[in-house]
Each structure stands twice: as structure tokens, then as C-alpha cells.
Amino acid sequence: NKVVVAHRGSQDAQDWKENAMYTLGIKKGKGWNTSKEIQKKAEHKYAGAHLTTTGHSKGALHAQEFGQKGDIVTVNKPVNVGDAMHKKVGENQTDIKSRRDPVSFLRHFQKGKKAKVQTSHSWNPLKNHSVDYTMRDIK
């Protein structure tokens, strides 16, 4: 009775274009549509099961946007200025981020449930944004 829906992070030029649009507050594109449809199908197919929606980076943002049923777990979720000021993080959402991750830097300013912040032992922004580095101390 437990189902996990995982949304992937950026992989190709289309994803990076959508990432740039998100920094300007625009939430649309092929990746957004695909994630929304996958989430909708999973919620329909597994109605009644406990659903956890998760993702890293862009996938984390999609998990937050479309995972309306059950729990949400994000890793290094990007946050733009508009979301930092206006989007409240619900009690059903757990955000995990690396302290020096440049992508999730503005997460600190979001209202609602506080993020779980992992200590950074590196100044390398790519390392700080990686799932493996951020999740290394999670038991």
C-alpha cells in the first residue's frame, strides 16, 4: 500500500531551457507537462495507497508542484524569488538541501516547514548539488 513517484532532474537542453524560464517565474514546458501527467496517472492508478512523491533538483520542484496527495520529499529543490516570497511549504513536505547548494539557496526564505540542511564540507557547487553528497549523512 505504499507507492513512490519519482521525478527526475535535468537531463537535456529542453530541461535547461525550462530551468532558465523558471528563474523568471515561468512554470511551463514539455517537462512540466510530462511530470504533471505522470503524477496524475499514478494518483489515479494507485488511489487509496499511501503516495510519496520525490525528486532531485528540477524533479524536486515538480514533486512539490504536482504531488498533492500524500508526502513529498525533495532534494536540493530550486527556488526562484517568487516562490521564496509567496510559496509556503506544507507540513506534508520534507525538503533536504546541502548548505552550500547554489540551486536551493533561496529555500531558506520560504515560509512553512523548514528544510533539513546538510553540512557542506566542500565549496564545489556541483558536488554540493549532487544527490549523493547531500544525502550522505541521512540514515
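These numbers come from a predicted model, not from an experiment.

Draft legend 1. Broad picture of the overall build of the protein. Across its full length, the protein carries six helices and five strands. Starting at the N terminus and ending at the C terminus, the protein contains elements arranged as β-α-α-β-α-β-α-β-β-α-α. Over its C-alpha atoms, taken along the principal directions, the protein stretches across nearly 45 × 35 × 30 Å. Excluding contacts between residues fewer than 6 apart, the proportion of contacts in the protein whose partners are at least 24 apart in sequence is 46%.

Draft legend 2. Layout of the packing of aromatic side chains. For the structure shown, the criterion picks out three aromatic pairs. Here Tyr 22 and Trp 32 contribute two aromatic rings whose centre-to-centre distance is 6.5 Å and whose plane-to-plane angle is 40°, an arrangement assigned as tilted. Taken together, the residues Tyr 22 in helix 1 (residues 13–23) and Trp 32 in helix 2 (residues 30–45) connect sequence positions 10 residues apart. With a centroid separation of 6.5 Å and an interplanar angle of 65°, the aromatic rings of Phe 105 and Phe 109 are classed as edge-to-face. When its relative accessible area of 54% is taken as the criterion, Phe 105 is described as exposed. Here a set of aromatic residues connected by ring pairs shows up, and it is made of Tyr 22, Trp 32 and Phe 66. Sitting over the face of the ring of Trp 123, Arg 100 holds its NZ or CZ atom 3.7 Å from the ring centroid.

Draft legend 3. Focus on the sheet that holds strand 2 (residues 50–56). Taken in spatial order, the five strands line up as 1-2-3-4-5 in an open sheet, and their pairing is parallel. Looking at which strands have only one partner, the edges of the open sheet turn out to be strand 1 (2–7) and strand 5 (116–118). Between one strand axis and the next, the sheet turns by 15° as a mean value, whatever way the strands run. The sheet contact formed by strand 4 (residues 93–98) and strand 5 spans three bridges and is parallel. By the bridge assignment, Lys 97 is partnered in strand 5 with Val 117.

Draft legend 4. Structural detail: helix 1. Along helix 1, the residues classified as buried are Asp 15, Glu 18, Asn 19, Met 21 and Tyr 22. Around the axis of helix 1, the buried residues are gathered within 165° of arc, so they sit on the same side. Turned more than 90 degrees away from the buried face of helix 1, the exposed residues are Ala 13, Trp 16 and Thr 23. In this structure, the buried residues of helix 1 make contact with helix 2, helix 3 (58–66) and helix 4 (81–86). Between the side-chain oxygen at the start of helix 1 and the backbone nitrogen of Gln 14 there is a gap of 3.2 Å, and the oxygen is on Asp 12.

Draft legend 5. Quick peek at the side chain of Ser 98. Considering the arrangement of structural elements, one finds Ser 98 in strand 4. For Ser 98, the side chain forms a polar contact with the side chain of Asn 128, separated by 3.0 Å. Not counting chain neighbours up to four residues away, the residues in contact with Ser 98 comprise Asn 76, Ser 104, Gln 118, Ser 120, Asn 128, Tyr 133 and Thr 134.

Draft legend 6. Up close: the layout of surface pockets. Computed from the structure, the largest pocket encloses a volume of approximately 400 Å³. Contributing to the lining of the largest pocket are 22 residues, with Trp 16, Asn 19, Ser 57, Pro 78 and Val 103 lying nearest its centre. Among the elements that take part in the lining of the largest pocket, helix 1 stands out by supplying five residues, more than any other. In terms of residue class, the lining of the largest pocket is made up of 12 nonpolar, eight polar and two charged. Each pocket or cavity is described by its volume, and for the second largest pocket that value is around 250 Å³. Lining the second largest pocket are 14 residues, with Arg 8, Asp 15, Gly 31, Thr 34 and Ser 35 positioned closest to its centre.

About the cut-offs
The written sequence of each chain sets the order in which its residues are numbered from 1. Reporting in this predicted model follows two pLDDT cut-offs: at least 70 for local features of residues, and 80 or more for side-chain atom pairs to be given and counted; totals over whole chains, interfaces and linings ignore these cut-offs and use all residues. No hydrogens and no water enter the side-chain calculation; it runs on all heavy atoms of the structure. Per the convention used, a helix needs a DSSP run of H or I reaching at least four residues, while a strand needs a run of E reaching at least two, with both numbered from the N terminus. Here, residues are in contact when the closest pair of their heavy atoms is within 4.5 Å. Any two of the Phe, Tyr and Trp rings considered here, Trp counted by its six-membered ring, make a pair once their centres fall within 6.5 Å; the pair's planes then place it as stacked at under 30 degrees, edge-to-face at over 60, or tilted in between. Residue burial is assigned from relative accessible area. The probe radius is 1.4 Å, only protein chains are included, and a residue is buried under 20% of its type maximum, exposed over 50%, and partly exposed in between. Our definition puts a charge over a ring when NZ of Lys or CZ of Arg is within 6 Å of the ring centre and also within 35 degrees of the ring normal. Strand pairing follows a simple DSSP-based rule, namely that at least 2 bridges must link the two strands. Comment: axis = line fitted to C-alpha atoms, over the contacting stretch for helices; angle = value between 0 and 180 degrees taken between N-to-C directions. Each C-beta atom gives one direction from the helix axis, and the arc is the one those directions make. By the criterion applied in these results, polar contacts are pairs of N or O atoms within 3.5 Å in which, for protein atoms, one can donate a hydrogen and the other can accept it, and in which residues neighboring in sequence qualify only through two side-chain atoms. Any residue with an atom within 4 Å of a point lines the site, the site being either a cavity, points on a 1 Å grid over the protein atoms alone where a 1.4 Å probe fits but cannot get out, or a pocket, an open set with protein on both sides within 12 Å along at least 5 of 7 lines. Grid points are joined across faces, edges and corners, and a volume is the space filled by probe spheres set on the points. Nonpolar residues are Ala, Val, Leu, Ile, Met, Phe, Trp, Tyr, Cys and Pro. Charged residues are Asp, Glu, Lys and Arg, and all others, Gly as well, are polar.

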